[in-house]
Structures are given as structure tokens and as C-alpha cells.
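# A look at the structure
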Amino acid sequence: MKTTRPIRARIEPSAIRHNYLLAKRHAPHAKAWAVIKANAYGHGQWCAVQALRDVADGFALLECENAVALRQAGITQPILLLEGVFSQRDVRAVLEYRLTTIIHCLEQLELLLAAGPFKAPVEIYLKLNTGMNRLGFTASALAEAQEILQRSPEIKVTLMTHFAEADGARGVAGQLECFWAMAGDWAGPTSLANSAAILRHPQAHGDWVRPGIMLYGA
């Protein structure tokens, strides 16, 4: 069937770049992952990468194979796997291509540790469930994970969470309180703020912010 309403979308790489730099200006003391998951929210992964290649502190995405493709294309910045590893093949890629992986459950942690001992430091993000209730460690599971990690000093940990309503009436205060209650006396790096929190909640910026949808105009 021939459409009677042809629609054309024009992607402006300069606008993606502008929006990333806007996120950086709002969080001047943090580094920023450029989130390019889901084919850069439908805008084209490689279009976004080329727009940000010389300014992004790091890139964050879902699929391990896409992370490997970035490395093979010469991307040298940190690359974060937002949903972590799901097989030994993923773990091997993390080690070979120097990827950073989120760990959101004990099973993923065990999968990673099965590849040890490690010859070089391995960067991971431990994801805490503070109310998004999608992925992440509960308080009891976190304690077990931390006990396991004490035996693996070559693994470098950042604590993170994801805000459920950073742009809504509830804000992030409750989730921040939950995060720090779980983290205890944690003095290491953190990654907390998504797009809305970058703009609205500077107390949640942490060491790494994660601008996603705001890169693409929302």
C-alpha cells in the first residue's frame, strides 16, 4: 500500500553533539557516558558515535557484539555494557576488549569470576535496586556480592542505580536515601544520574552521569 503521509526524519549529528556537551555543562564535575543503546534510540549507533567520537568520555550500550564492533572501529574510550554479561563468550570479550560491565545479580558475578584469575584490572558496575525494580541487587544480595569481591582485589567496582522518576513529582530523594543506606560507608566511585537527574538533581550526579534520551532531543 502506498502511504499518503510520507514522513522523513532528518538526523543532525551536530545536535547530538550539542546535547552531549549540554549534559557535560550541567554536570561539570562528572564524566559522562554517552548512551547509544537501541541503535542510539533509533537514530543510528554509528551516526551518534561519529558525532561524539572526539568528545565523549565513554559509550554505553546493551549488546556485547556492538561494544566489540566499537573497539574494532578504533574507539578507545571506556565502553559500558548496560545489562552486563550473559555467557562466557561475553566475559571473554569483556577481558579481551577492556569493556566495563554492569553486574546486576549474583549469577552474573559468578559468571565473571569463573574466568579468573585476571591478569589486569577488570572494571565493573554493581547495580543496586533502589526502587526501579527492574534489575539490581537487593540489600541482602549486595552484602553477599561484596563479600565475594573482597577476595578479588583486581576487580574495580563502581556502585550505580537507576532512577525511576527523576523527571516526576517524587523526584530522586527516596531512591538516593535508599542507595546510601545500601552503600553504607562506600567511598568509591558512583554512577547515578540519568538524563532527567542530570538536569534536575545535581546532588545525584556522582562520578559518572549517563545521558541517554536527552542526547536525542527529549
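Residues numbered from 1 in each chain as written. Predicted model: local features only at pLDDT ≥ 70, side-chain atom pairs only at ≥ 80, totals over all residues. Heavy atoms only, no water.

## Topic: the pairing of strand S2 (residues 58-61)
Burial along S2 is two-sided: Gly58 and Ala60 and Phe59 and Leu61, pointing in opposite directions, are all buried. Sheet analysis places strand S1 (residues 31-35) next to S2, joined by three bridges and oriented parallel. When the bridges of S2 are listed, alanine 34 appears paired with phenylalanine 59. Two elements, S2 and strand S3 (residues 79-81), share three bridges in a ladder whose sense is parallel. When the sheet's bridge partners are listed, alanine 60 is paired in S3 with leucine 80. Crossover S2 to S3 through helix H4 (residues 64-72) is right-handed. (Buried < 20%, exposed > 50% of the residue type's maximum accessible area, 1.4 Å probe, protein only. Helix = DSSP H or I, 4+ residues; strand = E, 2+ residues; numbered from the N terminus. Pairing = 2+ DSSP bridges. Right-handed = clockwise from strand over helix to strand, strands pointing away.)

## Section: H4
Every buried residue belonging to H4 is among Cys64, Ala67, Val68, Leu70 and Arg71, and all of these are buried. One side of H4 holds all its buried residues, which, seen down the axis, span an arc of 155°. In this structure, H4 carries Glu65 and Gln72 as exposed residues pointing more than 90 degrees from its buried face. Of the surrounding elements, those touching the buried residues of H4 are helix H3 (45-52), S2, S3 and helix H5 (88-96). Directly beyond the C-terminal end of H4, a positive phi value near 100° is found at glycine 74. (Arc of directions from axis to C-beta. Contact = heavy atoms within 4.5 Å.)

## Notes on the packing of helix H6 (residues 106-113) against helix H7 (residues 139-149)
Contact geometry of H6 with H7 gives a least axis separation of 10 Å together with a crossing angle of 10°. With respect to H7, the axis of H6 lies roughly parallel. Note that H6 runs across H7; the crossing there is left-handed. Note on element contacts: H7 touches H6 through Ala141, Glu144, Ala145, Ile148 and Leu149, opposite Leu106, Leu109 and Leu113. When grouped by side-chain class, the residues that make up the contact of H6 with H7 number seven nonpolar, no polar and one charged. (Axes fitted to C-alpha atoms, helices over the stretch in contact; angles between N-to-C directions. Parallel < 35°, antiparallel > 145°, perpendicular 65-115°, else oblique. Left-handed = near helix turned anticlockwise from the far one by under 90°. Nonpolar A, V, L, I, M, F, W, Y, C, P; charged D, E, K, R; others polar.)

## Brief notes about the pattern of salt bridges
Under the definition given, this model contains four salt bridges. For aspartate 54, the salt bridge identified is with arginine 17, shortest N-O distance 2.7 Å. Of this pair, aspartate 54 sits in the loop between H3 and S2 while arginine 17 sits in helix H1 (residues 13-26), and the two are 37 residues apart along the sequence. Between glutamate 165 and arginine 170 there is a salt bridge, with the nearest N and O atoms lying 2.5 Å from each other. Among the residues examined, glutamate 165 registers a relative accessible area of 22% and is labelled partly exposed. Under the relative-accessibility criterion, arginine 170 is labelled exposed at 64%. (Salt bridge = Lys/Arg side-chain N within 4 Å of Asp/Glu carboxyl O.)

## Some details on the packing of aromatic side chains
Scanning the entire structure with this criterion turns up four aromatic pairs. The interplanar angle of 70° and the centroid separation of 6.0 Å between the aromatic rings of tryptophan 33 and tyrosine 125 together place this pair among those described as edge-to-face. Of this pair, tryptophan 33 sits in strand S1 while tyrosine 125 sits in strand S5 (residues 122-127), and the two are 92 residues apart along the sequence. Across the pair, exposure class does not vary: tryptophan 33 and tyrosine 125 are buried alike. (Phe/Tyr/Trp six-rings, centres within 6.5 Å; stacked < 30°, edge-to-face > 60°.)

## Quick word on the nonpolar core
The tendency in soluble globular proteins is for nonpolar side chains to be buried side by side. By size, the foremost hydrophobic cluster in this structure holds 64 residues, and its most contacted members are Ile36, Leu52, Phe59, Ile124, Leu126 and Phe137. Here this core gets five residues from one element, more than from any other, and that element is H7. Sequence-distant contacts of leucine 126, that is, excluding residues within four places in its chain, are made with Ile103, Phe137, Leu142, Leu149, Val157, Thr158, Leu159 and Met160. With nine residues, the next largest nonpolar core counts Trp33, Val35, Ala60 and Leu82 among its residues. (Core = buried A, V, L, I, M, F, W, Y, C linked by side-chain atoms within 4.5 Å.)

## A short note on the layout of surface pockets
Counted as a void, the largest pocket has a volume near 490 Å³. The wall of the largest pocket is formed by 26 residues, among which Lys37, Tyr41, Arg134, His162 and Asn194 lie closest to the centre. Looking at the lining of the largest pocket, the element that brings in the most residues is helix H9 (residues 195-200), giving three residues. Of the residues that constitute the lining of the largest pocket, the class distribution is 15 nonpolar, four polar and seven charged. (1 Å grid on protein atoms, 1.4 Å probe; cavity = no way out; pocket = protein on both sides within 12 Å on 5 of 7 lines; lining within 4 Å. Points joined across faces, edges and corners; volume = space filled by probe spheres on them.)

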